[in-house]
Amino acid sequence: MRRRPPYRFPDEQKKQLKKAVWLARATLFFMGTVVVVMYLAMGSSQAMKTAWIEDMLTLVPAAVFLISSRYWERPPNDQFPYGYLRIGTVAFVVAATALFLFGLYMFYDSVTKLLAKEHPTIGTVELWGESIWMGWIMIAALVYSFIPPVVLGQLKLPLARSMRDKTLYADALMNRDDWLTALSGIAGILGIGLGWWWADSVAAGIISIQVLIDGVKNLKDSVADLMNQRPTTVGERDRHPLPDRMRHELEKMDWVEAADVRLREEGHVVTGEAYIVPRPGTEVTEKIQEATQHLHDMDWMVYDVVIQVVPSLEDQSFSDHDTPT
Amino acid sequence: MEKHLVYFVLALCLAAGCAMPKDPGGTLERVRGDTLLVGVTENEPWVTREDGQPGGVEAALVRQLAEELDAEVFWTWGGVAEHMEALSHREIDLAIGGLARSSPWQQEAGLTQPYYTSRERVGYPPASAAPEDIDGAVVAVERGDVLAAYIADRGGTPHRMETPARAEGLVAASDWELKQWGFAASDIVLHRKQHVMALPPGENAWIMHVEQFLQDKEADVAQMLEQQE
């Protein structure tokens, strides 16, 4: 079977990939320390437990990115003639599902604790001879827990945009929004301190809803990619201008009578088919070669767009039983 | 929206700062200058019973606590399970009975930080040499005591007796018992128990107060244990 040509990132994106990989490693390390700190401080607070689980879930997108980034540039082979570009998206569907399920579980956990009217016990701990209320320790842990993700998220965002990496983008947004988790947790602990026993469960509920929402959003986006959705700009649902531009470029060519395209995203790249109705008498083979090269020169994200010569742009039907409308 | 949330939390911090933490059920306020309802369960030497009156190490500590709070103590006898349930509904303010930190009641009640760690170890007649390990050795232990299982785990042979105080040779018992019976304490510790008191869950000001009271009582407790019969 004919294989796709291997894909290579251009130099600029290669540099950014290196930075992104470094940031992913940094995420694993710093979030690792956050997980340990949170575990030591969490006591019997539901909000702390939920925030701790959320911090552990933050490790998943970073790990997914690191693992899948090794595969993107793998040349297509006999088993995978289309290559490995979609690996990141597939892995992200799995990660998003995990987020969704955990968010659901944590929400259920918090609501049952609230309905059971459980009063969380937060006592003291002896540090350097002084009895300190554990609530302060928990708040300190929460403050520490949101500094690394917010910083890392902020650094990842521009890279994700320029690399057109939607999974990295989603990861960066989740990191940056960690401040809301920390704030909810702190409000919850302070609420307990003020005697509002329900504050802890409510804060846990808020945190888990956030995780749930993140899971659903990322699930929708990554499934849409796998369903060959039309290309969109990173971070927004806007239609990407590339398909229209491509069509115009083709129609400008003198041998082209009419043209149209059908494109989809595969991870970072945009790929698909272009349909050309050539003017009569054109040396089609040569012209196709030129046109293909021209299309790929338009943007680094264009990859393996295959040109099909067709008699007309009318919708085709491949079945013998259908009559074209 | 984000800014407002931050200000709200900061305001909470300031408002709460000095007064934290508070009791949702107002236990500390209620007890102070009034009555302290204590659930007691017999468990020597921590809680003993003489003519219906509680004695023992923990009862003594509770009396000290009540004096400090200017409160009158009301004792109510019962099993640990009932007391835990009563605590979870704030029907009593405190429960004692030689409870350990590792007890399964952590969900029902608020347990204090451990105020004392007791050890059960292997003792030997002072005339002999201290044993290095009990592998293959016979160790006397009170019949029904879980220490027999720990002895077997370490490779020893438990000799179950009515009164291990009269044993000749190695004995397994708690530190103060070994002292009373005239045995020397070896380095072989079979079991550690972290002692706590139980309080209503979530009454964090009350819990903090009791924890602070118990903080430096370790020496007192050691002394009281040695004075036991």
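Since we're looking at a predicted model, the values are computed, not measured. (Residues numbered from 1 in each chain as written. Chains lettered and ligands numbered in written order. Predicted model: local features only at pLDDT ≥ 70, side-chain atom pairs only at ≥ 80, totals over all residues. Heavy atoms only, no water.)

Some words on the packing of aromatic side chains
Here is step 1 of the chain: The tally for this structure, following the rule as stated, stands at 13 aromatic pairs over all chains.
Here is step 2 of the chain: Taken together, a centroid distance of 5.5 Å and an interplanar angle of 70 degrees make the contact between Phe65(A) and Trp72(A) edge-to-face.
Here is step 3 of the chain: Taken together, Tyr7(A), Phe9(A), Phe65(A), Trp72(A), Trp300(A) and Tyr303(A) form an aromatic cluster joined through their ring pairs.
Here is step 4 of the chain: Taking NZ or CZ as reference, Arg49(B) lies 4.2 Å from the ring centre of Trp77(B), over its face. (Phe/Tyr/Trp six-rings, centres within 6.5 Å; stacked < 30°, edge-to-face > 60°. Lys NZ or Arg CZ within 6 Å of the ring centre and 35° of its normal.)

Observations concerning the interface of chain A and chain B
Here is step 1 of the chain: With 25 residues of chain A in contact, the opposing surface of chain B contributes 26 residues.
Here is step 2 of the chain: Across the chain A to chain B interface the summed buried area is about 2,200 Å²; carbon plus sulfur atoms make up 67%.
Here is step 3 of the chain: Of all residues in chain A, His119(A), Thr124(A) and Leu194(A) give up the largest surface area on contact with chain B, accounting jointly for 24% of the area buried on that side.
Here is step 4 of the chain: At the surface where chain A touches chain B, the tally comes to 0 salt bridges.
Here is step 5 of the chain: The interface formed by chain A and chain B includes 7 residue pairs in polar contact (both at pLDDT 80 or more).
Here is step 6 of the chain: Of all the secondary structure elements, the ones that give two or more residues to the side of chain A that touches chain B are β1 (124–127), β2 (130–133) and α6 (178–193) of chain A.
Here is step 7 of the chain: The element that contributes the greatest number of residues to the side of chain A that touches chain B is α6(A), accounting for 8 residues.
Here is step 8 of the chain: Considering only residue class, the side of chain A that touches chain B consists of 14 nonpolar, 8 polar and 3 charged. (Contact = heavy atoms within 4.5 Å. Buried area = accessible area lost by both parts, 1.4 Å probe. Salt bridge = Lys/Arg side-chain N within 4 Å of Asp/Glu carboxyl O. Polar contact = N/O pair within 3.5 Å; in protein donor to acceptor, adjacent residues only side chain to side chain. Helix = DSSP H or I, 4+ residues; strand = E, 2+ residues; numbered from the N terminus. Nonpolar A, V, L, I, M, F, W, Y, C, P; charged D, E, K, R; others polar.)

Brief notes about a negative patch on the surface
Here is step 1 of the chain: Judged by side-chain charge, Glu126(A), Glu130(A), Asp216(B) and Glu218(B) come together as a negatively charged surface patch.
Here is step 2 of the chain: When you line up the elements, Glu130(A) lands in strand β2. (Patch = residues over 30% accessible without salt bridge, like charges linked within 9 Å, V, L, I, M, F, W, Y side chains within 5 Å. Areas by Shrake-Rupley, 256 points an atom, 1.4 Å probe, with all protein chains shown as cover. Lys, Arg positive; Asp, Glu negative; His and termini not counted. Charge placed at Lys NZ, Arg CZ, Asp CG, Glu CD.)

So, the pairing of strand β10 (residues 170–174) of chain B
Residues and elements named next belong to chain B.
Here is step 1 of the chain: Within β10, 5 of the 5 residues are buried, which leaves it mostly tucked inside the rest of the structure.
Here is step 2 of the chain: Note that strand β7 (residues 116–124) and β10 share 4 bridges and pair antiparallel. For Val122, the partnering residue across the bridge sits in β10 and is Ala172.
Here is step 3 of the chain: Relative to β10, strand β8 (residues 138–142) is paired through 2 bridges, and the arrangement is parallel. Bridge pairing in β10 places Ala140 opposite Val171. (Buried < 20%, exposed > 50% of the residue type's maximum accessible area, 1.4 Å probe, protein only. Pairing = 2+ DSSP bridges.)

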